[in-house]
Amino acid sequence: MVEIGAIPGDVLDGAKEAIDAAVFDMFRLAVDLEASPRVGPGSELVGSVMFSNRRVEKFDDRQPEFLQDLSQNPRVQQIKGKVRTATQNGKPVPKMKMYNVRDGIFEALIYRFAIDPTMAAFGEGESRTGAGAFAVYRGLTELLPYHRLFNSPISEAAIVGAAVGYALEGGRVGPS
């Protein structure tokens, strides 16, 4: 920037000094026990400053939106046929027929999506282009409208920021 004449060197140096001073001041305050007291075990502080410390089943009374009937979803039908025990008739259940953790997560997501119309899921690779990590989201793309399940950029900070902002505005965010 200095070499091409976009900004004088002394202005850039001044900005760097101001940033360094602000960061140093931030750390000084963070370690000052009077300015930033520590919260010990059993403290009620965290609970008292939370947005809500009560259980809320749904944040809106609207009917949750789906693109298809749950019973018509291929993933729901597939899970229905799975065995939920390790053995059947005294023999081990084949891995492809056994109910697994990703099936349980999928069912929990569907349950929550069916109750709360504000539920949305953010994440990388789960919406219209894939099934997310370990194929947990497989079947949701056919089931949910785009505004309830969508891709976000490969940026964890962007995902967390969007999810927290949505939650602060009264929405519920599912895992991604």
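Everything here concerns the structure above.
Now for a quick tour of the structure. Since this is a predicted model, take the numbers as computed values, not measurements.

## Quick word on the packing of aromatic side chains
Inference 1: Enumeration over the complete set of coordinates arrives at zero aromatic pairs.
Inference 2: A cation over an aromatic ring shows up here: R84 above the ring of Y99, its NZ or CZ 3.9 Å from the ring centre.
Inference 3: A cation sits over an aromatic face here: R148 above F66, 5.7 Å from the ring centre.

## Re unusual backbone geometry
Inference 1: Even without being glycine, N89 reaches a positive phi, approximately 55 degrees.
Inference 2: For N89, the location among the structural elements is in the loop between β1 (87–88) and β2 (91–92).

## Section: the pattern of salt bridges
Inference 1: Scanning the entire structure with this criterion turns up eight salt bridges.
Inference 2: A salt bridge links D25 to R28, with the shortest nitrogen-to-oxygen separation between them at 2.4 Å. You can see D25 and its partner R28 sitting in helix α1 (residues 9–31), three residues apart, about one turn around the helix.
Inference 3: With relative accessibility at 40%, the residue R28 sits in the partly exposed group.

## Let's talk about the environment of P92
Inference 1: Along the chain, P92 falls in strand β2.
Inference 2: With near-sequence residues (within four places) excluded, P92 lies in contact with A86 and T87.

## Some remarks on the nonpolar core
Inference 1: F106, L109, F113, Y137, L140, L144 and L149 are the most contacted members of the largest nonpolar core, which totals 14 residues.
Inference 2: Counting residues per element, the ones that place at least two in this core are α3 (74–80), α4 (101–115), β3 (119–123) and α5 (140–143).

## So, the environment of M98
Inference 1: Looking at where M98 falls in the secondary structure, it is placed in the loop between β2 and α4.
Inference 2: Relative accessible area serves as the criterion here: at 26%, M98 is assigned to the partly exposed category.
Inference 3: Here the alpha-carbon distance between M98 and I79, two residues 19 residues apart in the chain, equals 9.1 Å.
Inference 4: Once you skip the residues sitting within four places of it in the chain, M98 turns out to touch K82, V83, T85, A86, V93 and D103.

Analysis parameters
- Residues numbered from 1 in each chain as written.
- Predicted model: local features only at pLDDT ≥ 70, side-chain atom pairs only at ≥ 80, totals over all residues.
- Heavy atoms only, no water.
- Phe/Tyr/Trp six-rings, centres within 6.5 Å; stacked < 30°, edge-to-face > 60°.
- Lys NZ or Arg CZ within 6 Å of the ring centre and 35° of its normal.
- Helix = DSSP H or I, 4+ residues; strand = E, 2+ residues; numbered from the N terminus.
- Salt bridge = Lys/Arg side-chain N within 4 Å of Asp/Glu carboxyl O.
- Buried < 20%, exposed > 50% of the residue type's maximum accessible area, 1.4 Å probe, protein only.
- Contact = heavy atoms within 4.5 Å.
- Core = buried A, V, L, I, M, F, W, Y, C linked by side-chain atoms within 4.5 Å.

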